[in-house]
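Each chain, written out:
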Amino acid sequence: MACPARIARGLLTDPARPLHFRFDGRELQGLAGDTLASALLANGVLQVGRSFKYHRPRGIVTAGPEEPCALVDVIGARGREPNLPATTLPLTAGLVAESQNRWPSLRFDLGALADRVAGFLPAGFYYKTFMSPGWGWERLYEPLIRRAAGLGRLEASVGPHADPAETVHDHADVLIVGAGAAGLAAAHRLGATGLRVLLAEQDLAPGGGTLLDGRWARWRESTGAALQSFPTLRCLMRTTVLGAYGHGVFGALETLSAEESARFGGLRERLHVLRVRRVLLATGALERLIAFPANDVPGVMLAGAALRFLTRYGVAAGRRPALFANNDEAYEALFALAAAGVHCAGVIDPRPESRAAARAKALGIAVHSAAVVGAVGGRHAVRTVTITELDGRPRFVLEADALLVSGGHTPVSGLAAQLGAALAWHEPQATWIPELPAPIGRVAGSAHGVCGLAAAARDGYEAGDALAVDLARPHAATEPPTLPPDPEATAIGALWEVRGRGKAFIDLQNDVTADDVRLAVREGYEHLEHMKRYTTFGMATDQGRIGGLLGCAVLAAARGIPVAETGTLRARPFAQPVPFAALAGAEVRAHYRPKRRLPLHAWHESAGATFVSTGLWLRPLVYSREPGWTPVLEEARAVRERVGITDVSSLGKIDVQGADAARFLDFVYANTFSTLAVGRARYGIMLREDGLLLDDGTTSRLAAGHFILTTTTANSASVLEHLEFHRESSCAALDVVLTDILDQWAQFALAGPRAREVLAPLVALDLSNEAFPFMAVAETMIAGVPGRLFRISFSGELAYEIAVPAGAALTLWSALLESGARFDIRPYGLDALNTLRIEKGHVTTAELNGNTTADDLGLQRLLKQQGDFIGRTLAQRPGLTVSERLQLVGVRPVAPTARLRNGSQLVAAQAPGASLGYLTSATRSLEFQGWVGLALLSGGRQRLGQRLLARSPVHDESVEVQILSAHMLDAENTRVRS
Amino acid sequence: MLRIPCPWCGVRDESEFRYRGAAEARRPEAAAGAAAFNAYVYERDNARDWHCEWWLHVAGCRRLLKVVRHTVTHEIRSVEAAPGAPGAERGR
Amino acid sequence: MACAALPADIIELVALRERMQVLKALAARRGLPVPATGWIASGRETLVLCVRPERWLVLTVPAAPGSALAAWQPACAGCAATIELSAGLAALCLTGPAVREVLARGCRLDLHPEVFVPGSAAATSIAQVPVILAALPGGWLLLTPATTAEHFRDWLAATARPFGFATGAGVTVASLAGERAP
Ligand SMILES: [Zn+2]
């Protein structure tokens, strides 16, 4: 078959399992074990995309997740997924991939005109160019730029068919990040101690750099076997540690193998939240680019990537590759290619001599020492490489079809930096080296600036031993096994940029050039963080990993300071792009938020209730599926004229016991509870310490040292926390016990003129006004169930609230319905409840909105005059007591047919100007013709009888309204006391 | 993310706790006046330093903890039960 | 993993201020274990959990409504608050080798058998719902608020599906406490 560049047997590829795939419509063939990148290279496909800004042809630059250029769209069963690095995308049978950011085709791309006019598109060009006209940005420039720039296309695939996802919480003594030579060595030592160890590796197999050197196979195998024998060590392959979040918390993303994915219903990625005592960062080092003219032509590839493509997949990066490197390690790629029979065009090395260069010469490879690459010929692929002297004079033009580049290696220190690592500049290797504080962990191997596999392994053994000692689990010293010796190497000769004609990129994904950096400096953006934002250097999805230090060095040169003084860019989480679905985990759709169901949920459902979500609760809104007010008003009418019953089980209920219970309530409530008689209830309001209202509710005294406190549904959790906080801080000396009993008790309101007659047959109590008056409370048997009876009313009618253990809810509810049948009793929902309480002028969360005071709501008479309570002092501040404050009033439209709306602004009828207040609640009324509402109105109590406009700009409506007292119904409370 | 060693429950994630503000501030006496309460409710140093603060362990023991945390490094120096509260002396 | 409902009466005993020793003496006289915070102990047909200091949840075999509270309330007067929670908490028993793996998909605690040893108990939240959990020789005891119990059971079933999920039955307070069925 035609895979011209597949020249050897790869470590991971299986020649017996060919796979067909499509790229930009071309039918191609690869092997099982390939990545899309290796399969494309094997087919001789060099150009795989167009660049972000200039639409320049781009090829494959790396062989790993750090890839800046070879990002593709994959079109599969789940639609189009953009921005997947071809270098980590496993090849699967039938894979369909497309290149990005080109139109109409990859080779003939109109956007590439941008490259020809590049003089007009320097860094910061939008800030300067698109200044005027003012409308131009939104209508003209941005749409144009959006079309021209960018990477892949996103197609929404949200909905019930979205991918499954899950989050797994995990714990260990030590997390080792990276299973290369250092990570494996450390794992070997730590695993032997019995400590719980997690070894996370982003690759699909452990080994790291040892996978590229055949001499290390035996060590890798024996170490791997030892690791498998440790019961407390677990390996997470295909797992990238995404970020370090302090206190030993790390996030990691695992890509599932095909078998695991099938077992978990198609789950592709699993998010791990790891909590560990220590971390060992063996994250390796990344090879860096050199900035030279046209260092982005397809065929320019990092030397280490070429070695990976050859060793892992048997693919040659070129038939006639040249190497441009300033360090000995990079030569290994060329040696391996040569050994595989590839003819090497030559080496360009800025150093005068080196051990590796001598080896190359011995192999018959031409070495051009003390030289650099001054230009690359070719647009869609490398054709020639122009070699120049160090002073810029041309020396020689080499014919080559690939240029392998290496500017040295930079430790991968993103996680270390997030953990507050100190970074020290190490001149001999021209790089930063991170060091972690011992209580957090250690860095080992090439991430620690160590060169060579054997040295890295030894560093790993040492780090493992040191961590074992830190964690008080030292073990008997063992001799490290014999390791294949590292080749002797000549030191790196730092080289960052070769200046010449043409664009020299420092950030390939965001198309940032060395000239852009100098422009930034000229314009005053000298600080690294300013330069970054001005040029967008390092701000693409690859976070500029292969050019990060390069950019700093170019900046340093432009400013005339050493590289060490520019500082470093902070790599932030995530280490690689993460699908939102993986972050959301399983907390989506049905599991997005818990649903709180009333004890009678099933009954409400069978009675045809329409449910409404209020907070976490599902509550019956109305017992009808019909829209409109008719069923609501029917339910409300039952209460006003006969009797109705509603489920108020979602109200917060807190049991308060102890010798000091009454004292505690006196302090947390603005009114007094110590004077409340046993067997009585009282309406109470709580303030925050700043003097504003926190919540209201009814509190009952069951015994001298036993109260039941109720809260609004919305505030049940926050009031409990508020009370628990004060119990242990400002009231720490009191004897009081608080218990949340919300879920224990079902509670129903039985309301209406017939309520007493419905209840009487079910209790052995005398319910007469004299024996059981308004605000009376009793613990009694109700319908054969031990319960609590409260004579309290929210609807404004004669009413009882009855609480029974939730398990007996249906027994009681059914008994009440049966007993009420002769009065045509009706269950009523939240809408009818709202109608009833608005007519009565009772407040709820709409008015207790965190901005109102007791005085605003007409409750100032409840504030006790004697004794301290939360909010007492600050409630008296002038700003909270002035008469212009928004005060609670009732509102009715002047024209009975006019509709009121929540949120309408109240303005003066003549010369409407600034808002005087707004409607908080509105309902169709039963007692009055048309609508009624409650409003918060500036100086409201002084405006009773006035006419204002209720304006809803959203609906373009203005309704003339009359301002009334909020107590629109039965102001004397005769009904509730009847 | 903070991991807070609760004296009753052991080390737990920050998400199990509710932050309840600075713990040094003591509630003034009832008659202390508006200025004292204003300072108590609103005035904070917001220093780059060790900070003593209340955390309520709502998802665990529901007890109030006094935590000393560094506002820059987030290092936690000490955690103790709210002093004087019932059972506080027995906190681990 | 199997999930079974555990029928149980549940009351909470909370020591009043400075009355801890009185309560402990009362419990000792009546043969009720009072484990330290973070532990579960079993007595005769009884499980006692302590996940909040000075507070004990007492699980007993279901009897007449209110009888569990009535058995303790008078005796506790002056030394402990007593609260009925039988209907407020749903009790579940999880068994099977995959329990830890399933719980790890929502529970932030370290449930490793050497860390969360048998007899351990803790209050935490799982899948955004408050959960008290305890490791017993016969399985895992979970208590969760009644109003979110259905949601939590749905979550458990969905999460356990890849591991195999079954609805169990026949678990009693006595069997969980390690007593042989009569
Ligand atoms: Zn706790």
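Residues numbered from 1 in each chain as written. Chains lettered and ligands numbered in written order. Predicted model: local features only at pLDDT ≥ 70, side-chain atom pairs only at ≥ 80, totals over all residues. Heavy atoms only, no water.

**Student:** Whenever I open this one, the overall build of chain B confuses me. Can you help?
**Tutor:** In terms of regular secondary structure, chain B is built from one helix and six strands. Listing the helices and strands of chain B from first to last along the sequence gives β-β-β-α-β-β-β. Projected onto its principal axes, the C-alpha coordinates of chain B cover approximately 40 × 35 × 20 Å. Out of the 92 residues in chain B, the part that is buried amounts to 48%. (Helix = DSSP H or I, 4+ residues; strand = E, 2+ residues; numbered from the N terminus. Buried < 20%, exposed > 50% of the residue type's maximum accessible area, 1.4 Å probe, protein only.)

**Student:** What should I look at first to understand the overall build of chain C in this one?
**Tutor:** Helices and strands together make up the secondary structure of chain C, namely five helices and eleven strands. Relative to the globule expectation of 16 Å for 182 residues, the C-alpha radius of gyration of chain C, 16 Å, shows essentially globular dimensions. With the C-alpha coordinates aligned to their principal axes, the bounding extent of chain C is approximately 50 × 30 × 30 Å. Evaluated residue by residue, chain C yields a buried proportion of 60% over its 182 residues. Accessible surface for chain C amounts to roughly 7,000 Å². Of this, 56% is attributable to carbon and sulfur atoms. (Rg over C-alpha atoms; globule rule 2.2 N^0.38 Å. Areas by Shrake-Rupley, 256 points an atom, 1.4 Å probe, with all protein chains shown as cover.)

**Student:** What is the right way to read the interface of chain A and chain C from this model?
**Tutor:** Many structure descriptions define interface size as the accessible area lost when the parts assemble. With 38 residues of chain A at the contact, the number on the chain C side is 38 residues. Summed over both sides, the interface of chain A with chain C buries roughly 3,100 Å², with 52% coming from carbon and sulfur. The tally of links between chain A and chain C comes to four salt bridges. One salt bridge in this structure joins Arg52(C) and Glu724(A), with 3.7 Å as the shortest N-O distance. (Contact = heavy atoms within 4.5 Å. Buried area = accessible area lost by both parts, 1.4 Å probe. Salt bridge = Lys/Arg side-chain N within 4 Å of Asp/Glu carboxyl O.)

**Student:** For this particular structure, what's the right way to read the environment of Gly752(A)?
**Tutor:** All names here are of chain A. Note on placement: Gly752 falls in the loop between β38 (745-751) and α21 (755-759). On the accessibility criterion, Gly752 (0% relative accessible area) is buried. Expressed as a C-alpha distance, the spacing of Gly752 and Val45, which sit 707 residues apart in the sequence, is 82 Å. Here Gly752 is in contact with Val639, Arg642, Val643, Glu797 and Leu798, once residues within four sequence places are set aside.

**Student:** Looking at this structure, how should I read the domain arrangement of chain C?
**Tutor:** Residues and elements named next belong to chain C. Each domain of chain C was delimited in the assignment, giving domain 1 (8-84) and domain 2 (89-168). Here domain 1 and domain 2 have C-alpha centroids that lie 23 Å from each other. Contacts between the two partners involve nine residues from domain 1 and, on the opposite side, 14 residues from domain 2. Of the roughly 920 Å² buried where domain 1 meets domain 2, counting both sides, 86% is carbon and sulfur surface. (Domains from an automatic or database assignment.)

**Student:** Would you mind going over the environment of His955(A) with me for this structure?
**Tutor:** Residue and element names in this part refer to chain A. Take His955: it is sitting in the loop between β47 (947-952) and β48 (957-964). A relative accessible area of 39% means that His955 is categorised as partly exposed. Side-chain polar atoms of His955 contact the side chain of Arg901, separated by 3.3 Å. (Polar contact = N/O pair within 3.5 Å; in protein donor to acceptor, adjacent residues only side chain to side chain.)

**Student:** Looking at this model, I keep getting lost on the sheet that holds strand β8 (residues 121-126) of chain C. Mind explaining?
**Tutor:** Strand pairing in a sheet relies on backbone hydrogen bonds. The paired strands run either parallel or antiparallel. All names here are of chain C. Read from one edge of the open sheet, six strands run β8-β9-β10-β7-β1-β11, paired in mixed fashion. On the outer flanks of this sheet lie β8 and β11 (166-167), each paired with one strand and no other. In the sheet, β8 pairs with strand β9 (residues 129-136) via six bridges, with the strands oriented antiparallel. Across the sheet, the residue bridging to Ala121 is Ala134, located in β9. Sitting on the sheet, helix α4 (residues 146-160) touches β1 (2-5), β7 (89-95), β8, β9 and β10 (139-145), and the angle it makes with β10 is about 135 degrees. (Pairing = 2+ DSSP bridges. Axes fitted to C-alpha atoms, helices over the stretch in contact; angles between N-to-C directions.)

**Student:** Help me understand the coordination of the zinc ion in this model?
**Tutor:** Expected angles at a metal are 109.5 degrees for tetrahedral coordination by four donors and either 90 or 180 degrees for octahedral coordination by six donors. Residues and elements named next belong to chain B. The protein atoms donating to the zinc ion are Cys6 (SG), Cys9 (SG), His57 (ND1) and Cys61 (SG), with metal-donor distances spanning 2.0 to 2.4 Å. Sequence spacing among the residues donating to the zinc ion works out to C-x2-C-x47-H-x3-C. Of the two residues, Cys9 sits in the loop between β1 (3-6) and β2 (10-13) while Cys61 sits in the loop between β4 (50-56) and β5 (64-70), which places them 52 residues apart along the sequence. The class of Cys9 is buried, set by a relative accessible area of 17%. Assessed through its relative accessible area of 1%, Cys61 is described here as buried. (Donors = N, O, S within 2.8 Å, 3.2 Å for Na, K, Ca; no water.)

**Student:** In this structure, what is going on with the pattern of salt bridges? I would like to understand it.
**Tutor:** Two side chains of opposite charge can pair, provided their charged atoms sit close to one another. Under the defined criterion, the tally for this structure stands at 60 salt bridges over all chains. Measuring nitrogen to oxygen at the nearest pair gives 2.6 Å for the salt bridge that ties Arg56(A) to Asp296(A). Of the two residues, Arg56(A) sits in the loop between β3 (49-50) and β4 (57-58) while Asp296(A) sits in the loop between β14 (285-287) and β15 (300-302), which places them 240 residues apart along the sequence. What emerges from the salt-bridge pattern is a single network uniting Glu166(A), Glu254(A), Glu260(A), Arg270(A) and Arg105(C).

**Student:** Which parts of the structure should I look at to understand the sheet that holds strand β3 (residues 18-22) of chain B?
**Tutor:** Strands sit in the order β3-β4-β5-β6 (chain B) across an open sheet of four strands; the sheet is antiparallel. Two strands lie at the open edges of the sheet, namely β3 and β6 (76-81) of chain B, each paired on one side alone. For this sheet, the mean inter-axis angle between neighbouring strands, taken without regard to orientation, is 30 degrees. Sheet strands touched by helix α20 (residues 716-728) of chain A: β3, β4 and β5 of chain B. Its angle to β3(B), the strand with the most contacts, is close to 45 degrees.

**Student:** How should I be thinking about the side chain of Arg727(A) in this particular structure?
**Tutor:** Inspection of the secondary structure assignment puts Arg727(A) in helix α20. No salt bridge forms around the buried Arg727(A); measuring N to O, its nearest opposite-charge neighbour Glu728(A) is 4.5 Å away. Aside from chain neighbours lying at most four places away, what touches Arg727(A) is Phe664(A), Ala732(A), Val736(A), Val737(A), Leu738(A), Arg63(B) and Pro86(B). (Lys, Arg positive; Asp, Glu negative; His and termini not counted.)

**Student:** What am I meant to see in the packing of helix α5 (residues 181-191) of chain A against helix α12 (residues 453-470) of chain A here?
**Tutor:** Each packed pair of helices is defined by two parameters, the angle between the axes and the distance between the axes. Residue and element names in this part refer to chain A. Two numbers describe how α5 lies on α12: the axes approach to 7 Å, and their chain directions differ by 35 degrees. You can see that α5 and α12 cross each other, and the crossing is right-handed. Here Ala181, Ala182, Ala185, Ala186, His188, Arg189 and Leu190 of α5 come into contact with α12, specifically with Leu453, Ala456, Ala457, Gly460, Tyr461, Gly464, Asp465, Leu467 and Ala468. Tallied by class, the residues present in the contact of α5 with α12 amount to eleven nonpolar, three polar and two charged. (Left-handed = near helix turned anticlockwise from the far one by under 90°. Nonpolar A, V, L, I, M, F, W, Y, C, P; charged D, E, K, R; others polar.)

**Student:** Would you explain the interface of chain B and chain C in this entry?
**Tutor:** With 16 residues of chain B at the interface, the matching set in chain C holds 13 residues. Both sides of the chain B and chain C interface together cover about 1,200 Å² of buried area, and 46% of this is carbon and sulfur. Counting across the interface, chain B meets chain C through one salt bridge. One salt bridge in this structure joins Arg108(C) and Asp13(B), with 3.7 Å as the shortest N-O distance. On inspection of chain B and its partner chain C, the count reaches six residue pairs in polar contact (both at pLDDT 80 or more). Its residues assigned to classes, the side of chain B that touches chain C shows five nonpolar, four polar and seven charged.

**Student:** Would you explain α4(C) in this entry?
**Tutor:** Spacing of three or four residues puts side chains on the same side of an α-helix, whose turn is 3.6 residues. Its 15 residues place the ends of α4(C) 21 Å apart at the C-alpha level, agreeing with the 21 Å of an ideal helix rising 1.5 Å per residue. Among the residues of α4(C), those classed as buried are Thr147(C), Thr148(C), Ala149(C), His151(C), Phe152(C), Trp155(C), Leu156(C), Thr159(C) and Ala160(C). (Expected span 1.5 Å × (residues − 1).)

**Student:** How should the pairing of β10(C) be read in this particular structure?
**Tutor:** Along a regular strand, successive side chains alternate from one face of the sheet to the other. All names here are of chain C. With seven of seven residues buried, β10 is to be regarded as a mostly interior element. Pairing geometry for β7 and β10, over six bridges, is antiparallel. Within β10, the residue paired with Leu89 across the bridge is Pro145. The hairpin formed by β9 and β10 contains two residues between the paired strands.

**Student:** Got a minute to help me understand the packing of aromatic side chains in this structure?
**Tutor:** Two descriptors summarise a pair of aromatic rings, namely the distance from one centre to the other and the angle between the planes of the rings. Residues and elements named next belong to chain A. Summed over the entire model, instances satisfying the criterion amount to 20 aromatic pairs over all chains. Aromatic side chains Trp603 and Trp813 sit 5.2 Å apart centroid to centroid with 70 degrees between the ring planes, which places their arrangement in the edge-to-face category. Residue Trp603 is found in helix α17 (residues 601-606), and its partner Trp813 is found in helix α22 (residues 809-820); the two are separated by 210 residues along the sequence. Judged by its relative accessible area of 0%, Trp813 is buried. Their ring planes at 40 degrees and their centres at 4.5 Å tell us that Tyr669 and Phe673 sit as a pair that is tilted. An aromatic cluster is defined as three or more aromatic residues linked by ring pairs; in this entry it consists of Trp603, Tyr623, Phe748 and Trp813. (Phe/Tyr/Trp six-rings, centres within 6.5 Å; stacked < 30°, edge-to-face > 60°.)

**Student:** Please clarify how the pairing of strand β8 (residues 166-177) of chain A should be interpreted in this entry.
**Tutor:** Residue and element names in this part refer to chain A. With twelve of its twelve residues buried, β8 lies for the most part within the structure. One ladder, built from eleven bridges, connects β8 with strand β13 (residues 269-281); its direction is parallel. Paired with Val177 across the bridge in β13 is Leu281. By the bridge criterion, four bridges tie β8 to strand β9 (residues 197-200) in an arrangement that is parallel. Bridged to Leu175 within β9 is Leu198.

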